[in-house]
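Architecture and fold: a report
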Amino acid sequence: MVSTPEQAAARAGEHAVPLPALSRRMGPDAQLTLSPSKRSVVWAVQESTTRWAVTEIAPILVLARLPWTNLDDQERAELKSVTRMGLPDDPEGALAEIDNYLSESDEHIRLLSELRAEITAPYASTGSGQEAPGARGAHAPHQSAPHGRN
């Protein structure tokens, strides 16, 4: 526990990078600070006007908890910094891990597309003109994925 958001950010150490856009996205009482020296993110949550709970987490945990829809330019830039911090330093290792994430994401998209087709099929075959649940604004396979990755 600390008393101020500045004290919380100081826990990130030298060369700390504030993440104001991602902090806003996480909620009005959140403050995220990237810690390059520790290769982590300091996550502070205001519990009262004079108390901030502070946790140091791995960058991947920020990525898992962050809503990925409709990122603006600043959020995208901050997210890139957090993502890069979670990858190995060496380019070869970083590229291998990126390839692994892309492969997993592709598989996830294929699985969701198959489920969508299976759920939608009964509505298409009835000829009743009734729309499948969630069909309005649905994600078509040729469009960007709703979580920002294809």
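The residue numbers shown here count from 1 along each chain, following its written sequence. Local features in a predicted model are, by the rule used here, given only for residues with pLDDT of at least 70; side-chain atom pairs are given and counted only at 80 or more, and totals for whole chains, interfaces and linings are based on all residues. Note that the side-chain values use all heavy atoms of the structure and ignore hydrogens as well as water.

Some thoughts on the confidence of the model for the protein chain
Note the following rule: Within a predicted model, pLDDT stands for the predictor's per-residue confidence, ranging from 0 to 100. Contacts are assigned to residue pairs that have any heavy atoms within 4.5 Å of one another.
Summarising the model, the protein chain shows a mean pLDDT of 88, and 83% of its residues fall at 70 or more. The low-confidence segment residues 140-150 (pLDDT under 50) makes 18 contacts with residues lying over four places distant or belonging to another chain.

Remarks on the environment of Val-2
Basically, it comes down to this: We count a stretch as a helix when DSSP gives it H or I for four or more residues in a row; a strand needs E for two or more, and each element gets its number in order from the N terminus.
Tracing the backbone shows Val-2 in the segment before α1 (5-10). Taking the C-alpha atoms as reference points, Val-2 and Thr-50, 48 residues apart in sequence, are found 7.9 Å from one another. Apart from residues no more than four positions distant in its own chain, Val-2 is found in contact with Gln-7, Ala-8, Arg-11, Thr-50, Arg-51, Trp-52 and Val-54.

As for unusual backbone geometry
Our working rule: In this scheme, a residue with accessible area under 20% of its type's maximum is buried, one over 50% is exposed, and one in between is partly exposed, where area comes from a 1.4 Å probe on protein chains only.
Although it is not a glycine, His-15 sits at a positive phi angle of roughly 65 degrees. On the secondary structure map, His-15 appears in the loop between α1 and β1 (17-18). Even without being glycine, Arg-39 reaches a positive phi, approximately 55 degrees. Within the fold, Arg-39 resides in the loop between β2 (30-35) and β3 (40-48). The class for Arg-39 is partly exposed, based on a relative accessible area of 30%.

As for the sheet that holds β1
Our working definition: Two strands pair under a simple rule: DSSP has to find at least two bridges between them.
Taken together, four strands build an open sheet; the order of strands is β1-β2-β3-β4 and the sheet is antiparallel. At either margin of the open sheet sits one strand with a lone partner, and together these are β1 and β4 (51-57). By the bridge criterion, two bridges tie β1 to β2 in an arrangement that is antiparallel. The residue bridging Val-17 from the neighbouring strand is Leu-34, located in β2.

Notes on the nonpolar core
Let me state the cut-off plainly: By convention a nonpolar core is built from buried Ala, Val, Leu, Ile, Met, Phe, Trp, Tyr and Cys residues, the set being connected through side-chain atoms within 4.5 Å.
Within the largest apolar cluster, 16 residues are counted, with the highest numbers of intra-cluster contacts made by Leu-19, Leu-32, Val-41 and Val-82. Looking at this core, the elements that each hand over two or more residues are β2, β3, α3 (59-65) and α4 (73-85). Beyond its immediate sequence surroundings of up to four residues, Val-82 is in contact with Leu-19, Leu-22, Leu-34, Val-41, Pro-59, Val-62 and Leu-63.

Observations regarding the pairing of β4
Examined bridge by bridge, β3 and β4 share seven bridges and lie antiparallel to one another. Note that in β4 the partner of Val-42 across the bridge is Glu-56. In textbook terms, the turn of a hairpin is the stretch between consecutive antiparallel strands, and for β3 and β4 this stretch comprises two residues.

A short note on α4
Quick note on the threshold: Helix span, expected: 1.5 Å multiplied by one less than the number of residues in the helix. Here, the arc refers to the directions that run from the helix axis to the C-beta atoms. Polar contacts here mean pairs of N or O atoms no more than 3.5 Å apart (in protein, one a potential hydrogen donor and the other a potential acceptor; neighbouring residues in sequence count only if both atoms are side-chain atoms).
When the terminal C-alpha atoms of α4 are compared, their 19 Å separation across 13 residues agrees well with the 18 Å that a helix rising 1.5 Å per residue should span. Listing the buried residues of α4 in full gives Glu-75, Glu-78, Leu-79, Val-82 and Met-85. Looking straight down α4, one finds its buried side chains confined to an arc of 120 degrees; they lie on one side. Of the exposed residues in α4, those oriented more than 90 degrees away from the buried face are Asp-73 and Lys-80. Those residues of α4 that are buried lie in contact with α2 (20-26), β2, β3 and α3. Its side-chain oxygen 3.1 Å from the backbone nitrogen of Gln-74, Asp-72 forms the N-cap of α4.

As for the side chain of Thr-33
As for its placement among the helices and strands, Thr-33 is situated in strand β2. Once residues lying within four places of it in the same chain are set aside, the contact partners of Thr-33 are Ala-9, Ala-12, Ala-16, Val-17, Pro-18, Leu-19, Ser-40, Val-41 and Val-42.

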